[in-house]
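# A structural walkthrough
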Amino acid sequence: MKILFLALLCALSTSVFAADARIAGFKVKSLRVSSNTGITYVKPNSEVQQKNSSCSSTDFYAIHKDDASYQQIYSALLAAAASGKTVFLWVSIDSNDCLNSRQRITITEVNF
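Each chain carries its own residue numbering, running from 1 in the direction its sequence is written. Per-residue local features are limited, in this predicted model, to residues with pLDDT of at least 70; the limit for side-chain atom pairs, both in listing and counting, is 80 or more; totals at the level of whole chains, interfaces and linings are taken over all residues. Each side-chain value is derived from all of the structure's non-hydrogen atoms; neither hydrogens nor water enter the calculation.

For the rest of this paragraph, the subject is the side chain of T108. Helix and strand definitions here come from DSSP, where helices need a minimum of 4 consecutive H or I residues and strands a minimum of 2 consecutive E residues; each element is numbered from the N-terminal end. Structurally, T108 can be placed in strand β7 (residues 102-110). A contact between two residues is defined here by any heavy atoms of the two lying within 4.5 Å. Not counting chain neighbours up to four residues away, the residues in contact with T108 comprise I73, A76, L77, V87, F88 and L89.

One can find L31 in strand β2 (residues 26-33). Each residue gets one of three labels from its accessible area relative to the maximum for its type: buried under 20%, exposed over 50%, partly exposed in between, using a 1.4 Å probe on protein chains only. The class of L31 is partly exposed, set by a relative accessible area of 25%. L31 sits eleven residues away from V42 along the chain, and the two C-alpha atoms are 4.8 Å apart. Not counting residues up to four positions away in its chain, the partners in contact with L31 are Y41, V42, Y74, L77 and L78.

In this model helix α2 (residues 70-83) runs 20 Å from its N-terminal to its C-terminal C-alpha over 14 residues, within 8% of the 20 Å that 1.5 Å per residue would give. Within the sequence span of α2, burial applies to Y70, I73, L77 and A80. Around the axis of α2, the buried residues are gathered within 105 degrees of arc, so they sit on the same side. For α2, the exposed residues lying more than 90 degrees away from the buried face are Q71, Q72 and A82. Taken together, the buried residues of α2 touch β2, β3 (39-44), β4 (61-64), β5 (86-92) and β7. Positioned one or two residues after α2, G84 has a phi angle of 70 degrees, which is positive. Expected span of a helix, by definition, is 1.5 Å for each gap between consecutive residues, and there is one gap fewer than residues. In this context, the arc is that of the directions from the helix axis out to the C-beta atoms.

Right, here's the structure in full:
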């Protein structure tokens, strides 16, 4: 019974991230916040991993101030940058779901 429950839980949890792709862990090299566009840009200390082929720029990941959970994601990124912790991101893989041609961050994970 426990195995069946765990299998069902795993099947349901994978559908939550169906429109997102996970980025391998990296440390935040810089954050850039634009008051003109409302976009926060995240520069990793390694190459940007291209998961959404409709987003052409590969210098930053991005999140808009009007996105769901923006404050929590920005806070997590800022804390990770300040403490040198590794960040894991999920980005949208929906066609043309880009911010100034950069991949849109949907989920952030920081392990402290």
